[in-house]
Amino acid sequence: MISYTNSYLPALASVYIRMCEILFHAIASRKYLERNMVIHMSYCVNCGVELEPSLTECPLCNTPVINPKELYQTKKLSPYPKARGQVDVVKRKDLAILTCTVLTATSLSCLLLNLFVFSKSPWSLFIIGACLVLFVLVFPAMIYTKLPIYISLLFDGVAVGFYLYMITFNTASERWFVGLALPIVALATILVEIFALLLRSFPVSFLTTALYFFAETAFFCIGLELLIDHYLDAPLKLVWSAIVLTVCSVIEVVLLTVLSRRRLRDAVRRRLHF
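Small disclaimer: the values here were computed from a predicted structure and weren't measured. (Residues numbered from 1 in each chain as written. Predicted model: local features only at pLDDT ≥ 70, side-chain atom pairs only at ≥ 80, totals over all residues. Heavy atoms only, no water.)

Next up on the list: helix α3 (residues 92-116). Because each turn of an α-helix spans 3.6 residues, side chains separated by three or four positions end up pointing in the same direction. Along its 25 residues, α3 runs 36 Å from first to last C-alpha, staying within 8% of the 36 Å computed at 1.5 Å per residue. For α3, the complete set of buried residues consists of A96, T99, L103, S107, C110 and N114. (Helix = DSSP H or I, 4+ residues; strand = E, 2+ residues; numbered from the N terminus. Expected span 1.5 Å × (residues − 1). Buried < 20%, exposed > 50% of the residue type's maximum accessible area, 1.4 Å probe, protein only.)

Here we come to a nonpolar patch on the surface. Residues L108, L111, L112, L113, L115, F116, V117 and F118 make up a contiguous nonpolar surface patch of about 800 Å² in total accessible area. When you line up the elements, V117 lands in the loop between α3 and α4 (124-143). (Patch = residues over 30% accessible without salt bridge, like charges linked within 9 Å, V, L, I, M, F, W, Y side chains within 5 Å. Areas by Shrake-Rupley, 256 points an atom, 1.4 Å probe, with all protein chains shown as cover. Salt bridge = Lys/Arg side-chain N within 4 Å of Asp/Glu carboxyl O.)

Attention now goes to the packing of helix α6 (residues 175-201) against helix α7 (residues 206-231). Running from N to C, α6 and α7 cross one another at 165°; their axes reach a closest spacing of 10 Å. With respect to their mutual orientation, α6 and α7 come out roughly antiparallel. When you trace α6 past α7, the crossing you get is right-handed. Here the contact of α6 with α7 is built from residues that sort into 20 nonpolar, three polar and two charged. (Axes fitted to C-alpha atoms, helices over the stretch in contact; angles between N-to-C directions. Parallel < 35°, antiparallel > 145°, perpendicular 65-115°, else oblique. Left-handed = near helix turned anticlockwise from the far one by under 90°. Nonpolar A, V, L, I, M, F, W, Y, C, P; charged D, E, K, R; others polar.)

By the definition in use, this model includes five aromatic pairs. Note on F118 and W123: the rings are 6.5 Å apart at their centroids and 70° apart in plane angle, and the pair reads as edge-to-face. Seen from their ring centres, Y165 and F177 are 5.6 Å apart, and the 55° between their planes marks the pair as tilted. Residue Y165 is located in helix α5 (residues 149-167), and its partner F177 is located in helix α6; the two are separated by twelve residues in the primary sequence. Three or more aromatic residues joined by ring pairs make a cluster, and in this case those are Y165, F169, W176 and F177. The side chain of R175 reaches across the aromatic face of Y231, ending 4.4 Å from its centre. (Phe/Tyr/Trp six-rings, centres within 6.5 Å; stacked < 30°, edge-to-face > 60°. Lys NZ or Arg CZ within 6 Å of the ring centre and 35° of its normal.)

What follows deals with the nonpolar core. In terms of nonpolar packing, the biggest core is built from seven residues, these being L207, A210, L211, Y212, L255, V258 and V268. Among the secondary structure elements, those contributing two or more residues to this core are α7 and α8 (240-260). Top element by residues in this core is α7. It accounts for four residues. Formed by five residues, the second largest nonpolar core is a distinct cluster that contains L164, I167, F177 and A181. (Core = buried A, V, L, I, M, F, W, Y, C linked by side-chain atoms within 4.5 Å.)

Moving on to the environment of S42. One can find S42 in strand β1 (residues 42-43). On the basis of relative accessible area, S42 is assigned to the partly exposed category, the value being 27%. With near-sequence residues (within four places) excluded, S42 lies in contact with V49, E50 and L51. (Contact = heavy atoms within 4.5 Å.)

Our next topic: the side chain of E216. Assignment of secondary structure puts E216 in helix α7. Buried and unpaired, E216 has R200 as its nearest opposite-charge partner, separated by 13 Å. In this structure the side chain of E216 is engaged in a polar contact, spanning 3.1 Å, whose partner is the backbone nitrogen of F195. Residues in contact with E216, not counting those within four places in the same chain, are L191, V192, I194, F195 and L198. (Lys, Arg positive; Asp, Glu negative; His and termini not counted. Polar contact = N/O pair within 3.5 Å; in protein donor to acceptor, adjacent residues only side chain to side chain.)

In structure tokens form, the structure reads like this:
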């Protein structure tokens, strides 16, 4: 019996020693955790109560818990919102009413001032005519958008001609209007109508638009010089408009060459990014 007990003594001793080691490590770990918790334990700055690390506010007085180390780590928020707000689009009808009100009020104010205060000359016709031209220009874009562009351009030319006619009330003669201003306005209106017709009838690109523009510029300068010579009773000949015609002709030849050669046209488009 004694021999049987003595044979298990070493095993019992090793088990006892192992249990003591586990107990010692457990006590040491507990003390380590308690020491760290004491170090990282925070307190409320208002009432002084101990706070758990996971709390964001004091459970007693509801004071926010702020970690000083996190103040430098958190990104500062902009006082302005990042997302763009949706602004209500101004209705075309309201904008048209505002524009008409401003133009009408301006015309009436100047007319009353001209009639009762500064009545030596009809100077208000300049402002009334300008308001009329502006109204004709904004009418297709704001009030009646279904108006064909050709009729709109025609109304623009008529409005400019009427404005020039109102200026004749402040001049000694109407000869400049009939002999020079009116033909120039008619020529410009016709060329603009042709330009709009070309853009709507043929494929539109930067090169073709430039082609039409320089061609009509040459025609306009030629017609302008001839109208001026006719108004001054001078011989009809090309002087300064011949220079414009030469430059525009060279540009026209270059543009036609580029448009006729597909490889050259593609190279120009790549290099000019259009």
